Amino acid sequence: MGTPKALVDGWLERGIDALADAGCRPIVVVLGAAAHQARAVMQGLDVVVVVAADWSEGLSASLRTGIAALPNDVPAVVVTLVDLPDVGQNVVRRVLTYGAAPATLTRATYHRRPGHPVVLGKAHWPEILDAANGDVGARAYLDQRAPTLVECGDLASGRDIDWAHEAISSEVSRA
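As the structure is a prediction and not an experimental result, all values here were calculated from the model.

Student: Describe the overall build of the protein chain, naming the residues involved and giving the relevant values.
Tutor: Along the backbone of the protein chain there are seven helices and six strands. Moving toward the C terminus, one meets the helices and strands of the protein chain in the order α-β-α-β-α-β-α-β-β-α-α-β-α. Of all 175 residues assigned to the protein chain, the portion counted as buried reaches 42%. If you take every contact in the protein chain between residues at least 6 apart in sequence, the share linking residues at least 24 apart comes to 63%.

Shown next, in the form of structure tokens:
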């Protein structure tokens, strides 16, 4: 992207709003590269901000840091990514209709392709964190466990945008 994704105009705020509007609390935002600048974007928002000191290791570092920051009484976590700009609260709500209990393991799909958000019940966290490595967060664990799949392709594309030209064409297509 040429810049940390948390600094792409509006993406961080959109992700936070999607979670908040779907009723998620607390909202933990895990930052890595350019954490200081990204933190400034969230001034006044009702979020818990944590920094993955080992962010360069990949998604697994963010997942470990985010889960560690949750209060002990949280039964499940909704995990989503900042680079999914068309995934809104309607997708989060639909995935949450399948529960958010300690045993929950739910994943959004887009035309049968797995994506985010995912709901990871607390009973799964130890094994998820053991399996998380490098740029693989919960994927390996989810692939082995057959989570409940929730089709959301009618609500969003769920497309993970990794390159600047994708972001530009995505913005143009919404205009």
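Student: Mind laying out helix H1 (residues 11-21), listing which residues take part and the relevant values?
Tutor: Taken together, the buried positions of H1 are Trp11, Leu12, Ile16, Ala18 and Leu19. Axial view of H1: buried residues confined to an arc of 155°, hence all on one face.

Student: Which residues make up the sheet that holds strand S5 (residues 113-121), and what values do they have?
Tutor: Whenever strands of a sheet pair, they do so through backbone hydrogen bonds, lying parallel or antiparallel. Taken in spatial order, the four strands make up an open sheet running S3-S5-S4-S6, and their pairing is mixed. Where the open sheet ends on each side, the last strands, each with one partner, are strand S3 (76-79) and strand S6 (148-151). Strand-to-strand twist across the sheet, computed as the mean angle between neighbouring axes with direction ignored, equals 25°. In this sheet, S5 lies alongside strand S4 (residues 105-110) in antiparallel orientation, the contact comprising five bridges. Paired with Thr106 across the two strands is Val119, which belongs to S5.

Student: Which residues make up the packing of H1 against helix H4 (residues 89-96), and what are the values?
Tutor: What describes two packed helices is the angle between their axes and the distance between those same axes. Remark: H1 packs on H4, axes separated minimally by 8 Å, with the N-to-C direction vectors making an angle of 40°. Here H1 lies oblique to H4, going by the angle between them. When the axes of H1 and H4 are compared, the crossing they make is right-handed. From H1, Ala18, Leu19 and Asp21 reach across to H4, where they touch Gln89, Val92 and Arg93. Of the residues belonging to the contact of H1 with H4, the class tally is three nonpolar, one polar and two charged.

Student: Give me the lowdown on the pairing of strand S2 (residues 48-51), citing residues and values where you can.
Tutor: Sheet faces and side chains relate simply in a regular strand, where the side chains alternate between the two faces. The sheet contact formed by strand S1 (residues 28-31) and S2 spans four bridges and is parallel. If you follow Val28 over to S2, its bridge partner there is Val48. With respect to chirality, the unit in which S1 leads through helix H2 (residues 35-41) into the neighbouring parallel S2 is right-handed.

What counts as what
Residues numbered from 1 in each chain as written. Predicted model: local features only at pLDDT ≥ 70, side-chain atom pairs only at ≥ 80, totals over all residues. Heavy atoms only, no water. Helix = DSSP H or I, 4+ residues; strand = E, 2+ residues; numbered from the N terminus. Buried < 20%, exposed > 50% of the residue type's maximum accessible area, 1.4 Å probe, protein only. Contact = heavy atoms within 4.5 Å. Arc of directions from axis to C-beta. Pairing = 2+ DSSP bridges. Axes fitted to C-alpha atoms, helices over the stretch in contact; angles between N-to-C directions. Parallel < 35°, antiparallel > 145°, perpendicular 65-115°, else oblique. Left-handed = near helix turned anticlockwise from the far one by under 90°. Nonpolar A, V, L, I, M, F, W, Y, C, P; charged D, E, K, R; others polar. Right-handed = clockwise from strand over helix to strand, strands pointing away.

In short, the description is geometric, and any link to function would need to be established separately.
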